[in-house]
Amino acid sequence: MGFFSRSKKDPSTNGQNPEQPGKKAEILPPFRATPEALSQVLEMKTDEVEAQLKSVEGRKDLFDKLMEHEDKIKQVHDFKPEDLRRQLEVTGEAVGAKERFMADAQSPEKKGLFRRAWEKVKAFPRKHPIVTALLVITALAGATAAGFYLTGNWELLMSKAAGLRKVLQALKAPEELIPPMPNTPPLPGGGVFEIPGGTPTPGLDIPT
Amino acid sequence: MAAPLWLTAAERTIFDALPAPLQDGWELKEETLAFTDTAERRTARLSLVRLHDQKLLALRDKVQKATSPEDVASLLAEIDLRDVTEGDLAELFFALGPDALTRLITPLLREAKTDGDLDDLASLLTIRHSLLESFSSQA
C-alpha cells in the first residue's frame, strides 16, 4: 500500500478478515483515474491518455477499456466503477484547464504581465514565506516520504518554522489543499498485456 | 505599469478599508469568476504536474531523506526560487489552484501596508484570474 494511501475500514468487519478471523483484512488503496494510473493500466503513453481525457468520446473510450480490466484492478485497488465516470470527467476538466492556463501564460497578449508576475513570485521566499512554502510543498506532494508532514505533522512542522505557522491560520487545514496522493501499484502479473509493469511513481510525475 | 487588481466582492471590501493613500492609483477589476475546489479536483491537478527544475527535484530528495519536521522546516527556510523556470512556477500554481490562492490572498490583502505589498498581490491576482478563466472555459 502506498504511503499516501488513506486507510479505510469496513465497519461490518471491524478491520478483521471475515474469511480468516483474527487476521486483519487487507486494505487496498483507492483507484484514482490519474493519467499515470490510466497509463499503467491501459499501457498507453501518458500524453495519449491526457489527449483522450479531454473529450467526452475519449473519456467514454477510456472508461470502456478500464472496465475490461476491472477484475485485475480490483486485485490491487479499491475500485468503484460507479465513481469512475466522474473521476475521468474531473481529470479531463483539469487536463483542459491546465492546457488553457499554460497557453494563457505564454500568450503574446499576457506574456509581459505573467513575466512580471513570475519575477515577483521568485522574490517571494523572503517576503512571503508562506506562499513559497506552499508552492514547494505542492512540488513535493507526490513524493512518498513527504507524507509525514503532509498528513499528520503540519502543526508540529509549522511550530518549528518561523512565520510558517500563519499557514494554518490562512489555510485552516493545509491537507485540504494538498491531498495525500494514492499509490498506483502495478497490476498483478505485470502489465495488462503481459508486459511487465513499471515501477509506480505515486503522485507527481517528476522526472528522476 | 502595475497589473490590475482582480478582486472579488469580499476582497474589494477589504481593499476599501485600507488607508486611502494606499488605495490610490490602482486599477481595480471585479473578479466574478468562481471555482469550488474539491479533494478530487486537487488530486487531479496534482497528478498533472510535470516539473523539470533541478533545485526542486534536489529539494524533494532532501525532504525524502529528512527524518524530522525540524529538518523539513530548515529545508523550507532555504528555498530559493530565483532560478526556477516560469514553466515550473506555472505548473505549481496550477496544482495549487485558484481556491488555495484565494485563501492566501485574503490575509495578504488585509495586511497590505505598502504599494509593494499590493504589487505582490497583483501578481497573485493575475495568476488566479488566469486560473479561474482556464477552469471556466469550456473545452
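Residues numbered from 1 in each chain as written. Chains lettered and ligands numbered in written order. Predicted model: local features only at pLDDT ≥ 70, side-chain atom pairs only at ≥ 80, totals over all residues. Heavy atoms only, no water.

(A) The arrangement of the overall build of chain B in detail. Helix and strand content of chain B: 7 helices and 2 strands. Written out in order from the N terminus, the α and β elements of chain B read β-α-α-β-α-α-α-α-α. Overall, the C-alpha framework of chain B stretches about 50 × 40 × 25 Å when taken along its three principal axes. Expressed as a percentage of its 139 residues, the buried residues of chain B come to 54%. Taking contacts inside chain B between residues at least 6 apart in sequence as the whole, the part at least 24 apart equals 70%. (Helix = DSSP H or I, 4+ residues; strand = E, 2+ residues; numbered from the N terminus. Buried < 20%, exposed > 50% of the residue type's maximum accessible area, 1.4 Å probe, protein only. Contact = heavy atoms within 4.5 Å.)

(B) A look at the pattern of salt bridges. Enumeration over the complete set of coordinates arrives at 25 salt bridges over all chains. Among the salt bridges present, the one from Glu99(A) reaches Lys54(A), with a minimum N-O distance of 2.5 Å. Of this pair, Glu99(A) sits in helix α5 (residues 81–106) while Lys54(A) sits in the loop between α2 (46–53) and α3 (56–68), and the two are 45 residues apart along the sequence. Looking at Lys54(A), the relative accessible area reads 31%, which means it is partly exposed. Here Lys55(B) ties to Asp83(B) by a salt bridge, and the two come within 3.2 Å at their closest N and O atoms. Taken together, the residues span a long stretch of sequence, with Lys55(B) in helix α4 (residues 54–65) and Asp83(B) in the loop between α5 (69–77) and α6 (86–110) at a distance of 28 residues. (Salt bridge = Lys/Arg side-chain N within 4 Å of Asp/Glu carboxyl O.)

(C) Representation of the confidence of the model for chain B in the model. Residue and element names in this part refer to chain B. Confidence in the prediction for chain B averages 88 pLDDT; 95% of positions are at 70 or higher. Confidence, expressed as mean pLDDT per element, reaches its minimum in chain B at α5 with 71 and its maximum at strand β1 (residues 5–7) with 98. For this predicted complex, the interface score ipTM comes out at 0.92, while the overall pTM is 0.76. (pLDDT = per-residue confidence, 0-100.)

(D) Broad picture of the packing of α5(A) against helix α3 (residues 39–46) of chain B. Where α5(A) meets α3(B), the axes come as close as 9 Å, and the angle between the chain directions of the two elements is 55°. If you check the angle between α5(A) and α3(B), you find them oblique. Read as a crossing pair, α5(A) and α3(B) show a hand that is right-handed. When α5(A) is examined against α3(B), the residues Arg86(A), Gln87(A), Val90(A), Thr91(A), Glu93(A) and Ala94(A) are found in contact with a partner set consisting of Glu40(B), Arg41(B), Ala44(B) and Arg45(B). Its residues assigned to classes, the contact of α5(A) with α3(B) comprises 3 nonpolar, 2 polar and 5 charged. (Axes fitted to C-alpha atoms, helices over the stretch in contact; angles between N-to-C directions. Parallel < 35°, antiparallel > 145°, perpendicular 65-115°, else oblique. Left-handed = near helix turned anticlockwise from the far one by under 90°. Nonpolar A, V, L, I, M, F, W, Y, C, P; charged D, E, K, R; others polar.)

(E) Highlighting the packing of α5(A) against helix α7 (residues 115–136) of chain B. Close contact between α5(A) and α7(B) brings their axes to 8 Å; oriented N to C, the two are set at 135°. By the criterion of interaxial angle, the relationship of α5(A) to α7(B) is oblique. For the pair α5(A) and α7(B), the crossing hand works out as right-handed. On α7(B), the residues touching Glu93(A), Ala94(A), Ala97(A), Arg100(A), Phe101(A) and Asp104(A) of α5(A) are Ile127(B), Ser130(B), Leu131(B), Glu133(B), Ser134(B) and Phe135(B). Classifying every residue of the contact of α5(A) with α7(B) gives 6 nonpolar, 2 polar and 4 charged.

(F) The arrangement of the packing of aromatic side chains in detail. Overall, the coordinates contain 7 aromatic pairs over all chains when judged by the stated rule. Considering the side-chain rings of Phe35(B) and Phe135(B), the 4.4 Å spacing of their centres and the 40° angle between planes classify their relative orientation as tilted. Here Phe135(B) lies in helix α7 and Phe35(B) lies in the loop between β2 (28–30) and α3, a separation of 100 residues in the sequence. Taken together, the ring pairs in this structure connect Phe101(A), Phe114(A), Trp118(A), Phe35(B), Phe93(B), Phe94(B) and Phe135(B) into an aromatic cluster. Taking NZ or CZ as reference, Arg85(A) lies 3.8 Å from the ring centre of Phe63(A), over its face. (Phe/Tyr/Trp six-rings, centres within 6.5 Å; stacked < 30°, edge-to-face > 60°. Lys NZ or Arg CZ within 6 Å of the ring centre and 35° of its normal.)

(G) Just unusual backbone geometry, in detail. For Glu43(A), which is not glycine, the phi dihedral falls at a positive 55°. With respect to the helices and strands, Glu43(A) occurs in the loop between α1 (35–42) and α2.

(H) Main features of the confidence of the model for chain A. Residue and element names in this part refer to chain A. Mean pLDDT over chain A: 70, with 54% of residues reaching 70 or higher. When mean pLDDT is compared element by element in chain A, α3 scores highest at 97, while helix α9 (residues 147–152) scores lowest at 43. Per-residue pLDDT stays below 50 along residues 142–154; that stretch engages in 43 contacts with residues further than four places along the chain or on separate chains. Across residues 189–208 the pLDDT falls below 50, and counting only partners more than four positions away or on other chains, this stretch makes 54 contacts in the model.

(I) A look at the nonpolar core. In this structure, Phe31(A), Leu38(A), Leu66(A), Phe101(A), Trp118(A), Leu118(B) and Ile127(B) are the most contacted members of the largest nonpolar core, which totals 82 residues. In terms of residue count, α6(B) provides more of this core than any other element does, 12 residues in total. Apart from residues lying up to four places away in sequence, Trp118(A) is in contact with Phe101(A), Ala105(A), Glu86(B), Leu89(B), Ala90(B), Phe93(B) and Ile127(B). (Core = buried A, V, L, I, M, F, W, Y, C linked by side-chain atoms within 4.5 Å.)

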